[in-house]
Amino acid sequence: MGDQTGAPANSPSVGRVALPERIRSPWWELGRRLLAALAILVGTVMLVYFDREGYRDSGDATADHPFGTVSLVDAIYYTTVTLSTTGYGDISPVSDPARLVNAFIITPARIAFLVLLIGTTLEVLAQRGRELFRIARWRKQMGHHVVVIGYGTKGRSAVETLVNNGLDREHVVVVDPSPVALADAHADQLAVITGDATRRGVLQRAGVADADQVIITTGRDDSNVLAALTVRQLNPDAWIVAAVSEQENAPLMRQSGADSVITSSDAVGRLLGLSTLSPTLGTVMEDLLTYGEGLEVAERELLVNEVGMPPQSLPDQVIAVVRDEKVYRYFDPVVTLLARGDRLVVVRPAKELPWAPRPGTHNEDFAADED
């Protein structure tokens, strides 16, 4: 799941926008209701035909049969004109049982028949119009969003982390050709573009040109490289984060335009090695990588009252300082004293807001650079 090999290039579903909503096909609904209407029609025909002695057909009246006879064709004719409320009156119930059947069975069947046909037509038109309107509105509002290419385990975890840190699900667009990924993304209330992310047209439908960030997590390194190249061509300013399975492919991924490259196999291998050498160290590392429990690694702005202080003296456990878009370790001589515009990478309790100052300092001013 999450690779880019699920749908053929000429498939009509390639590049289709699918917004998260539990909707059956309108044609399936129409067919189901037409079958129900046909069942009502056939049942009513049989009911009239079996009770034909209680009906009079004035159109077939003769000297020998002044009230006429009702055949199977007459029963079909009477049923269709009755259920459609046409009612020519040439065939009518004359016996008490036939009139009771008309009052309590055929009349409700007529109402149900009309509701099925008219209601289905209106619902199909309204549903299709509503879906087109939702897609048009979604496209109009789409911008400064996050595109996630490949919705497998890595992609889903990345989205969950973003959402848990305050990103609205409406600002996430998933690109994946897999029906399984489509179902998973819809279950997570995410919009999906069905198609191969190495195709330019599919990425254009995902609004890559207007996206702020793009996460590439397909199951193949070659697909990731090609997707990164295409994304960078469409959007030179987007921040691209890509995953590769093998470390040897990381330089190629960076050359393809990725700003940050995560090597999944090496990261897992290092965690396994640490857990083998020191189970407690492995537990701490797993805690840092797990969202919502224990410790979290987060980035926050520097506060005014923290300017001029050494990183080690802050309440948070500072592990790095971002200055002029360059990352320094907390012990680096360049960041011995914190300055305006610095951002801090800290380890803090998971219960605290990752991107905010510590509790009790929310009203403090950030020490941002002055214009």
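Data block above holds the structure.
Residues numbered from 1 in each chain as written. Predicted model: local features only at pLDDT ≥ 70, side-chain atom pairs only at ≥ 80, totals over all residues. Heavy atoms only, no water.

J.: I would appreciate a short explanation of the overall build of the chain in the present structure.
T.: Helix and strand counts for the chain stand at 10 helices and 13 strands. Within the chain, buried positions represent 39% of all 371 residues. Long-range pairs, those at least 24 residues apart, make up 67% of the contacts in the chain with a sequence separation of at least 6. By element, 58% of the accessible surface of the chain is carried by carbon and sulfur atoms, the whole surface being about 20,900 Å². (Helix = DSSP H or I, 4+ residues; strand = E, 2+ residues; numbered from the N terminus. Buried < 20%, exposed > 50% of the residue type's maximum accessible area, 1.4 Å probe, protein only. Contact = heavy atoms within 4.5 Å. Areas by Shrake-Rupley, 256 points an atom, 1.4 Å probe, with all protein chains shown as cover.)

J.: Explanation requested: the pattern of salt bridges in the structure shown.
T.: Should their charged atoms come close, side chains of opposite charge can pair. Here the structure, examined in full by the defined rule, presents 11 salt bridges. Residue R300 pairs with E306 through a salt bridge whose shortest N-O separation is 2.9 Å. Pair check on accessibility: R300 and E306 agree, each one buried. As a salt-bridge pair, R300 and D316 come within 2.8 Å of each other at their nearest N and O atoms. Here R300 is found in strand 10 (residues 295-301), whereas its partner D316 is found in the loop between strand 10 and strand 11 (317-323), with 16 residues between them in sequence. R300 gets classed as buried once you look at its relative accessible area, which sits at 3%. Among the charged side chains, a network of salt bridges with common partners joins R300, E306, D316 and R348. (Salt bridge = Lys/Arg side-chain N within 4 Å of Asp/Glu carboxyl O.)

J.: Where do I start with the packing of helix 9 (residues 264-277) against helix 10 (residues 279-289) in this structure?
T.: In a packed pair of helices, the relevant descriptors are the angle between the two axes and the axis-to-axis distance. Where helix 9 contacts helix 10, the axes come no closer than 5 Å and their chain directions differ by 140°. Touching L271, L274, S275 and L277 of helix 9 are P279, L281, G282, M285, E286 and L289, all from helix 10. Residue classes in the contact of helix 9 with helix 10 are distributed as 7 nonpolar, 2 polar and 1 charged. (Axes fitted to C-alpha atoms, helices over the stretch in contact; angles between N-to-C directions. Nonpolar A, V, L, I, M, F, W, Y, C, P; charged D, E, K, R; others polar.)

J.: Would you explain the pairing of strand 9 (residues 260-263) in this entry?
T.: Regular strands place their side chains on alternate faces of the sheet. Here strand 9 shows one buried face, formed by V261 and T263, and one open face, formed by S260 and I262. Pairing of strand 8 (residues 239-244) with strand 9, which is carried by 4 bridges, proceeds in the parallel orientation. Opposite A243, over in strand 9, you have I262 as the bridge partner. In this fold, strand 8 hands off to helix 8 (residues 250-255), which returns the chain to strand 9; that crossover is right-handed. (Pairing = 2+ DSSP bridges. Right-handed = clockwise from strand over helix to strand, strands pointing away.)

J.: It is not clear to me how the sheet that holds strand 11 should be interpreted in this structure. Could you clarify?
T.: The strands that make up a sheet are held in pairs by hydrogen bonds between backbone atoms, and each pair lies either parallel or antiparallel. Ordered by their spatial adjacency, 4 strands build an open sheet running 10-13-11-12, and the pairing between neighbours is antiparallel. A strand with exactly one partner marks an edge of an open sheet, and here the two such strands are strand 10 and strand 12 (326-329). Adjacent strand axes in the sheet meet at a mean angle of 30°, parallel and antiparallel pairs treated alike.

J.: Would you take a moment to explain the pairing of strand 6 (residues 191-194) for this structure?
T.: On strand 6, burial covers both faces: A191 and I193 on one face and V192 and T194 on the other are all buried. Regarding topology, helix 5 (residues 179-187) serves as the crossover connection from strand 5 (residues 172-175) to the parallel strand 6, and that connection is right-handed.

J.: Sorry, what's going on with the side chain of H145 here?
T.: You can see H145 is positioned in the loop between helix 3 (96-141) and strand 4 (146-149). Among the polar contacts made by the side chain of H145, one reaches the main-chain carbonyl oxygen of G207 at a distance of 3.3 Å. Filtering out sequence-adjacent residues up to four positions away, H145 remains in contact with H171, V173, A206, G207, D210, A211, D212 and Q213. (Polar contact = N/O pair within 3.5 Å; in protein donor to acceptor, adjacent residues only side chain to side chain.)

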